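Working through the structure, step by step
Residue-level listing of the chains:
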Amino acid sequence: MHTALLAAALLVGCLLAVQSSVNLQLNSAVGTPYGASAIQLGVATGLLLVLAAATGVLGTLGRLPDVEPWLLLGGLASPLYITSGILLFPRLGALAAVGLFVTGQMFASLALDLFGLLGIARKDLTASTLLGAAAVLVGIVVIIRGQKAPAPAAVVGGRGTSVAGRAAWLGLGILAGAVLPVQGAVNAQLRDRLEEPVAVAFISFAVATLTIAVVLLVLCSTRRTSRPRTAPLKRMPWWGWLGGACAAAYVTGTFLLMPSIGAAVTIALTVTGQQLTSALIDHRGLFRLPQRALTKPRVIGLALLIAGSLTIQLA
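Source: prediction; values computed, not measured. (Residues numbered from 1 in each chain as written. Predicted model: local features only at pLDDT ≥ 70, side-chain atom pairs only at ≥ 80, totals over all residues. Heavy atoms only, no water.)

Considerations on the packing of helix 4 (residues 94–115) against helix 10 (residues 296–314)
Describing two packed helices takes the angle between their axes plus the distance from one axis to the other. For clarity, the threshold we go by: In this analysis, axes come from line fits to C-alpha atoms, helices being fitted only over the stretch in contact, and the angle between any two N-to-C directions falls in the range 0 to 180 degrees. A run of DSSP states H or I qualifies as a helix once it reaches four residues; a run of E qualifies as a strand once it reaches two. Both are numbered from the N-terminal end. In this scheme, roughly parallel covers angles under 35 degrees and roughly antiparallel covers those over 145, while 65 to 115 is roughly perpendicular and the rest are oblique. Crossings are assigned a handedness: left-handed for a near helix turned anticlockwise from the far helix by less than a right angle, right-handed for a clockwise turn. When checking whether two residues touch, look at their non-hydrogen atoms; a contact exists if any pair is within 4.5 Å. Each residue is assigned to one class: nonpolar for Ala, Val, Leu, Ile, Met, Phe, Trp, Tyr, Cys and Pro, charged for Asp, Glu, Lys and Arg, and polar for all the others, Gly among them.
Where helix 4 contacts helix 10, the two axes come as close as 11 Å, and the packing angle between them is 25°. Relative to helix 10, the element helix 4 is oriented roughly parallel. As helix 4 runs across helix 10, the sense of the crossing is left-handed. Along its contact with helix 4, which presents Leu 95, Gly 99, Val 102, Thr 103, Met 106, Ser 109 and Leu 110, the element helix 10 presents Arg 298, Leu 302, Leu 305, Ser 309, Ile 312 and Gln 313. In the contact of helix 4 with helix 10, the residues fall into seven nonpolar, five polar and one charged.

Side note on the packing of helix 4 against helix 6 (residues 163–194)
Direction vectors running N to C along helix 4 and helix 6 enclose 45°, while the axes themselves pass 6 Å from each other. Here helix 4 is positioned oblique relative to helix 6, judged by the angle of their axes. The crossing of helix 4 and helix 6 is right-handed. Here helix 4 contributes Leu 100, Phe 101, Gly 104, Gln 105, Ala 108, Ser 109 and Leu 112 to the contact with helix 6, which in turn contributes Leu 170, Gly 173, Ile 174, Ala 176, Gly 177, Ala 178, Leu 180, Pro 181, Val 182 and Ala 185. In the contact of helix 4 with helix 6, the residues fall into twelve nonpolar, five polar and no charged.

Observations regarding the side chain of Ser 204
Structurally, Ser 204 is set in helix 7 (residues 197–221). Other than its neighbours up to four places away in sequence, Ser 204 contacts Gly 74, Gly 75, Gln 183 and Asn 187.

Here's the deal with unusual backbone geometry
Using the following cut-off: Relative accessible area decides the class of each residue, using a 1.4 Å probe on protein chains only: under 20% of the type maximum gives buried, over 50% gives exposed, and in between gives partly exposed.
Positive phi values are uncommon outside glycine, yet Phe 287 reaches one of about 55°. Assignment of secondary structure puts Phe 287 in the loop between helix 9 (263–284) and helix 10. Note on Phe 287: relative accessible area 22%, which makes it partly exposed. Backbone geometry places Arg 288, a non-glycine residue, at a positive phi of 65°.

Topic: the confidence of the model for the protein chain
The line we're drawing: On a scale of 0 to 100, pLDDT captures the predictor's confidence in every residue.
Across the protein chain, the average pLDDT comes to 85, with 94% of residues at 70 or higher. For the stretch residues 149–160, pLDDT sits under 50, and the model shows 20 contacts to residues farther than four places along the chain or on other chains.

Here's the deal with the packing of aromatic side chains
Here is the rule we go by: Ring pairs shown here join Phe, Tyr and Trp side chains whose ring centres sit within 6.5 Å, with only the six-membered ring taken for Trp; geometry is labelled stacked below 30 degrees between planes, edge-to-face above 60, and tilted in between. We call a charge positioned over a ring when the NZ of a Lys or the CZ of an Arg lies within 6 Å of the ring centre and within 35 degrees of the ring normal.
Under the defined criterion, the tally for this structure stands at two aromatic pairs. Note on Tyr 81 and Phe 101: the rings are 4.8 Å apart at their centroids and 50° apart in plane angle, and the pair reads as tilted. Residue Tyr 81 is found in helix 3 (residues 77–92), and its partner Phe 101 is found in helix 4; the two are separated by 20 residues along the sequence. Here Tyr 81 falls in the buried class, since its relative accessible area comes to 4%. Looking at Phe 101, the relative accessible area reads 0%, which means it is buried. Across from the ring centre of Trp 169, 4.4 Å away, lies the NZ or CZ of Arg 91, which sits over that ring.

Details of the side chain of Ser 278
As a reminder, the rule being used: We call two N or O atoms a polar contact when they sit within 3.5 Å, provided that within protein one can donate a hydrogen and the other can accept it, with sequence-adjacent residues counted only if both atoms are side-chain atoms.
Mapped onto the secondary structure, Ser 278 falls in helix 9. Polar contacts involving the side chain of Ser 278 include one to the main-chain carbonyl oxygen of Gln 275, which spans 2.8 Å. Dropping the residues within four chain positions of it, Ser 278 is found in contact with Ala 17, Ala 94, Leu 95 and Val 98.

Structural notes on the pattern of salt bridges
Oppositely charged side chains are able to pair whenever their charged atoms sit close together. As a reminder of what qualifies: Within this document, salt bridges are pairs made up of a side-chain nitrogen of Lys or Arg and a carboxyl oxygen of Asp or Glu, the two lying within 4 Å of each other.
Per the counting criterion, the structure on display carries three salt bridges. Here Asp 124 and Arg 122 are joined by a salt bridge, their closest N and O atoms 3.2 Å apart. Taken as a pair, Asp 124 and Arg 122 share a single burial class, namely exposed. Residues Asp 282 and Arg 298 are paired through a salt bridge, measuring 2.6 Å at the closest nitrogen-oxygen approach. Placement of the pair is Asp 282 in helix 9 and Arg 298 in helix 10, with a sequence separation of 16 residues.

Considering helix 5 (residues 127–145)
How we decide: One fewer than the residue count of a helix, multiplied by 1.5 Å, yields its expected span. It is the directions from the helix axis to the C-beta atoms whose arc is reported.
Between its terminal C-alpha atoms helix 5 stretches 27 Å, which fits the 27 Å expected from 19 residues at 1.5 Å a residue. All of the buried residues in helix 5 are Thr 129, Gly 132, Ala 133, Ala 135, Val 136, Gly 139, Ile 140, Ile 143 and Ile 144. Along helix 5, the residues classed as buried sweep out an arc of 160° about the axis, all on the same side. In this structure, helix 5 carries Ala 127, Leu 130, Leu 131 and Arg 145 as exposed residues pointing more than 90 degrees from its buried face.

Quick notes on a nonpolar patch on the surface
Basically, it comes down to this: Patches were defined on residues exceeding 30% relative accessible area and lacking a salt bridge, with like-charge contacts within 9 Å and nonpolar side-chain contacts (Val, Leu, Ile, Met, Phe, Trp, Tyr) within 5 Å. Here the open area of atoms and residues is found with the Shrake-Rupley method and a 1.4 Å probe, where only the protein chains shown may cover a residue.
Taken together, the side chains of Trp 70, Leu 73 and Leu 76 define a hydrophobic patch exposed on the protein surface, amounting to about 280 Å² of accessible area. Within the fold, Trp 70 resides in the loop between helix 2 (33–54) and helix 3.

Written out as structure tokens, the structure is:
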């Protein structure tokens, strides 16, 4: 049974990498990353609503008036993470983008642990933690510098992109990863209040969907993004709709697995699943992404990322 739970943790990590990849099809169809994020989050919210109704936990929502308002804001991280994936995957490739996400996750987790923030028990800095952090940092640098398949000139990594522009895209990837542990810490406190992980996941995605819908409305009204198209959705491959299901499965799965196998093991395995799947997607050019061979520097960088992530979480 324990082995099955460990395998499930690895699988939900794989789903997170798949989510970011298939969301690109939504973006191609609707013509705006913000519209694609809104659809994906709406699908995830709908699926979680059905799951919450099926498991009989919707009544838990009646306790929301007694919950501190800031505990409802964990979902704000999801629009940033999802939209960043849509923007970064075609520019950097799956492995590099996920590597940036993981780097942000690891260092944000360290900050939460070292300073005891958002209800996380304070932990001392150890030599193994420092070693793991160094491995993660070196790993992502090796992956970024080892890119062989250049992005188009108009995007990061291509000719004509300024150094400042490239740094901004890289910074976005790290920031998008960093908000996930913060989201997890906030949602964990909400779970302590409501005692129902499925209800917490539904609330998180409902907040995320409302947030990206407001952002999309503002951007469309100020003409900073195009209006979403709906007709091309009919021609989108069936797997383009899987992003919402992957997101719902990841959030619900991590909530359910953490009490059984521990938070550190869950995070370590999900992060490993993310990285291995992103490497496969890049190498095979899956989900219509540009194919990027697993060169020796990229393999070394991947190994360092995985080793560093495991060291930090399991230290």
